[in-house]
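Structural features, examined
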Amino acid sequence: MKQVLNGLFKNYGLVLDVVLHKNLRMRGQAFVSFADVETAVLARKEVQGFPLYQKPMVSLHIMDSVLITRIC
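Numbers given to residues run from 1 along each chain, matching the order in which its sequence is written. Since the coordinates come from a predicted model, pLDDT governs what is reported: local features require at least 70, and pairs of side-chain atoms require 80 or more to be given and counted, while whole-chain, interface and lining totals use all residues. Remark: hydrogens and water are excluded; side-chain values derive from all non-hydrogen atoms of the structure.

Concerning the pairing of strand S4 (residues 55–63)
- One requirement defines pairing of two strands: DSSP has to find at least two bridges between them. Going along the chain from the N terminus, every DSSP run of H or I of four or more residues is numbered as a helix, and every run of E of two or more is numbered as a strand. When strand S3 (residues 51–52) meets S4, the two strands line up antiparallel, connected through two bridges. Among the inter-strand pairings, Leu52 is bridged to a residue of S4, identified as Lys55.
- Counting the residues that bridge the hairpin from S3 to S4 gives two residues, and of these Tyr53 lies at a positive phi of roughly 55°.
- In this structure, S4 lies alongside strand S5 (residues 66–71), joined through six bridges in antiparallel fashion. Its bridge partner being in S5, Ser59 is matched across the sheet by Thr69.
- Between the antiparallel neighbours S4 and S5 lie two residues, among them Asp64 with a positive phi of about 55°.

Here is the structure:
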């Protein structure tokens, strides 16, 4: 899953890191770190509702240059 998200988001700019959570409370959430905020904003707009494994992605928040997204 980490490689899939990295491959998807690298189309928008430099991806510094992808962090996935496996615990029950945060399952399905990913934190994607970009080199700059503008790239994170563009990626958020573009992937909103993108079907990943037959489930839509929902971009929740951008903090600094980190995009927080959830696969619903």
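Structural notes on the side chain of Gln29
- Along the polypeptide, Gln29 turns up in strand S2 (residues 29–34).
- Contacts between residues were defined by any pair of non-hydrogen atoms, one from each residue, lying within 4.5 Å. Dropping the residues within four chain positions of it, Gln29 is found in contact with Val19, Leu20, His21, Ile68, Thr69 and Arg70.

Looking at the environment of Glu46
- Looking at the secondary structure, you find Glu46 in helix H2 (residues 37–47).
- Distance from Glu46 to Leu60, taken between C-alpha atoms, is 13 Å for residues 14 residues apart in sequence.

Things to note about H2
- Three or more residues of H2 are buried, namely Thr39, Ala40, Ala43 and Val47. Down the axis of H2, the smallest arc covering the buried residues is 100°, so these residues share one side. Pointing more than 90 degrees away from the buried face of H2 are the exposed residues Glu38 and Lys45.
- In this fold, the buried residues of H2 make contact with helix H1 (2–9), S2, S4 and S5. Residue burial is assigned from relative accessible area. The probe radius is 1.4 Å, only protein chains are included, and a residue is buried under 20% of its type maximum, exposed over 50%, and partly exposed in between. Arc definition: it is the arc formed by the directions from the helix axis to the C-beta atoms.

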